[in-house]
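# Tertiary structure, described
The residues making up each chain are set out below.
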Amino acid sequence: MTELEALRSELMAAVGKAADLDALERVRVSALGKKSRITEMMKGLGAMDADARRTAGQALNALKTEVADAIETRKRSFSDAELDRRLMQERVDVTLPARPERQGRVHPISQTMDEIVAILGEMGLAVAEGPDIEDDWHNFTALNIPPDHPARQEHDTFYLPGAGGDERLVLRTHTSPVQIRTMVATKPPIRIIVPGRTYRCDYDATHSPMFHQVEGLVVDETTHMGHLKGCLIDFCRAFFDMDDLPVRFRPSYFPFTEPSAEVDIGCTRKGGEFRIGHGDDWLEILGCGMVNPKVLENCGIDSARYQGFAFGLGVERMAMLKYGIPDLRTFFESDLRWLRHYGFSALKVPTMVGGL
Ligand code: PHE
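Residues numbered from 1 in each chain as written. Predicted model: local features only at pLDDT ≥ 70, side-chain atom pairs only at ≥ 80, totals over all residues. Heavy atoms only, no water.

In this section: unusual backbone geometry. Proline 189 follows proline 188 through a cis peptide bond whose omega is 5 degrees. Of note, proline 189 is situated in the loop between helix H8 (177-185) and strand S4 (190-199). Of note, the bond from glutamate 258 into proline 259 is cis; its omega dihedral lies within 30 degrees of zero at -5 degrees. You will see that aspartate 241, though not glycine, has its phi angle at about 55 degrees, which is positive. (Helix = DSSP H or I, 4+ residues; strand = E, 2+ residues; numbered from the N terminus.)

With that settled, the discussion passes to the site of the ligand. If you check the shell around the ligand, you find 14 residues, and the closest are His174, Ser176, Arg200, Gln213 and Glu215. Between a nitrogen atom of the ligand and a side-chain N or O atom of serine 176, the distance comes to 3.0 Å. When the ligand is considered free in solution it has 320 Å² of accessible area, and contact with the protein chains removes 90% of it. Of the pockets mapped on this structure, the ligand occupies the largest pocket. (Near = heavy atom within 4 Å. Polar contact = N/O pair within 3.5 Å; in protein donor to acceptor, adjacent residues only side chain to side chain. Areas by Shrake-Rupley, 256 points an atom, 1.4 Å probe, with all protein chains shown as cover. 1 Å grid on protein atoms, 1.4 Å probe; cavity = no way out; pocket = protein on both sides within 12 Å on 5 of 7 lines; lining within 4 Å. Sits in = over half its atoms within 2 Å of the grid points.)

On inspection of all chains with the given rule, the structure shows 19 salt bridges. Of the charged contacts, one joins glutamate 90 and arginine 86 as a salt bridge, the two residues approaching to 3.4 Å between their closest N and O atoms. A salt bridge links arginine 337 to aspartate 335, with the nearest nitrogen and oxygen atoms 2.8 Å apart. Using a relative accessible area of 26% as the deciding quantity, one classes aspartate 335 as partly exposed. (Salt bridge = Lys/Arg side-chain N within 4 Å of Asp/Glu carboxyl O. Buried < 20%, exposed > 50% of the residue type's maximum accessible area, 1.4 Å probe, protein only.)

Counting across every chain of the model gives 7 aromatic pairs. Relative to tryptophan 338, the ring of phenylalanine 331 has its centre 5.6 Å away and its plane inclined at 75 degrees; by these criteria the two rings are edge-to-face. Each member of the pair, phenylalanine 331 as well as tryptophan 338, carries the same accessibility label: buried. Taking the ring centre of phenylalanine 239 as reference, the NZ or CZ of lysine 322 above it sits at 4.4 Å. Its end group placed over the ring of tyrosine 203, arginine 329 keeps NZ or CZ at 5.9 Å from the ring centre. (Phe/Tyr/Trp six-rings, centres within 6.5 Å; stacked < 30°, edge-to-face > 60°. Lys NZ or Arg CZ within 6 Å of the ring centre and 35° of its normal.)

So, on to helix H2 (residues 21-32). One full turn of an α-helix is made of 3.6 residues, so residues set three or four places apart face in the same direction. Compared with the 16 Å implied by 1.5 Å per residue over 12 residues, the 16 Å span of H2 between its first and last C-alpha is a close match. Taken together, the buried positions of H2 are Ala23, Leu24, Val27 and Ala31. Looking down the long axis of H2, one finds its buried residues gathered within 100 degrees of arc, a one-sided arrangement. Across from the buried face of H2, at angles greater than 90 degrees, the exposed residues are Asp22 and Arg26. Looking at the packing, one finds that the buried side of H2 touches helix H1 (3-17), helix H3 (37-44) and helix H4 (50-89). Where H2 begins, the side chain of aspartate 20 points an oxygen toward the backbone nitrogen of aspartate 22, at a separation of 3.2 Å. (Expected span 1.5 Å × (residues − 1). Arc of directions from axis to C-beta. Contact = heavy atoms within 4.5 Å.)

Estimated volume of the largest pocket: approximately 1300 Å³. What lines the largest pocket is a set of 43 residues, and nearest its centre among them are Arg200, Phe211, Gln213, Glu284 and Gly314. Listed by contribution, the elements that provide at least two residues to the lining of the largest pocket are helix H7 (150-154), strand S5 (210-220), strand S6 (247-254), strand S7 (257-268), strand S9 (281-291), strand S10 (307-314) and helix H11 (315-323). Considering each element in turn, the lining of the largest pocket owes the most residues, 6 residues, to S9. When its residues are assigned to classes, the lining of the largest pocket shows 19 nonpolar, 15 polar and 9 charged. Taken as a whole, the second largest pocket spans an internal volume of roughly 170 Å³. Of all elements in the fold, only S5 and helix H9 (225-239) reach the threshold of two or more residues within the lining of the second largest pocket. (Points joined across faces, edges and corners; volume = space filled by probe spheres on them. Nonpolar A, V, L, I, M, F, W, Y, C, P; charged D, E, K, R; others polar.)

As structure tokens, this is what we get:
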């Protein structure tokens with residue numbers, strides 16, 4: 001065996017034995033690097049005569065290429081093996097059944113909104129939406145709340161920095177500005193509900209700076225207080241799932257409705273226990289009224305021809321009452337244990353037919 005053949009089998013064996021990428025790199029340096037035997041033998045070529053030099057040179061170059069190819073092939077087999085290993089390890093069996101202990105739950109706010117939308121949707125109201133960042137005109141002025149009106153302070157508004165007047169930006173303090181947007185953009189008849197986020201600078205066990213409301217608005221030529229009462233009595237009874245739930249309308253004041261009322265439902269607080277239904281006590285749950293003719297006119301609707309009713313309710317309050325949740329702040333703490341306890345199955349979508 002010539003010296004070259006011996007070197008060849010030695011190097012190929014070393015490549016074959018290299019157990020990982022690091023070992024392979026060491027083989028490469030010692031076989032092909034500046035101090036390798038191949039390089040040394042190359043240096044020896046100068047002392048040979050022309051014919052011998054050509055033959056030996058070609059043989060050395062062939063060996064160099066062969067060893068380099070073998071290293072490259074071995075390297076690729078390492079990364080293929082690494083990929084196979086990772087694919088096996090990170091495998092996901094998509095045919096496995098869902099793990100109940102890991103299943104997500106629907107937040108009580110979403111559930112309550114879906115229930116409210118299901119009931120009012122069944123009555124023929126369609127969902128409308130508007131921006132969380134409103135301007136002063138839509139949130140206050142058009143709703144007949146003039147600049148110096150105390151309602152603006154009561155609302156504890158989050159104002160955004162920038163211009164004053166009607167263009168001043170605010171985080172909407174109620175969903176009522178969507179009434180304005182809808183009446184400006186469309187002609188009556190109008191029948192909408194507006195679920196959404198609202199903001200007021202307030203924080204304790206019954207107030208959160210961000211909370212949710214659902215607004216209702218119906219405008220037509222013959223809409224009257226009887227429609228308002230029928231709609232809200234039916235709504236309350238369906239929501240609390242109580243056919244004979246007592247509902248009472250108590251005169252109140254809102255700048256955007258005239259006359260205005262607050263709606264109370266019957267309840268009892270006997271013996272420290274709170275229960276909704278027949279009893280000797282009342283609980284306020286929403287505000288409502290006939291749309292103030294000034295508001296219709298602000299939106300370009302002829303108040304001699306059209307009239308409407310509107311109402312607004314707080315979603316957190318409704319959820320707390322229906323599902324016995326004592327502290328409003330827990331809604332927004334994202335505590336998984338709380339969500340598992342008070343959350344709802346994602347597959348039980350509330351409908352009037354399927355049940356709430
Ligand atoms: N916008 C009122 C509030 O936030 C609720 C309301 C809406 C009252 C519509 C009457 C009519 O308190």
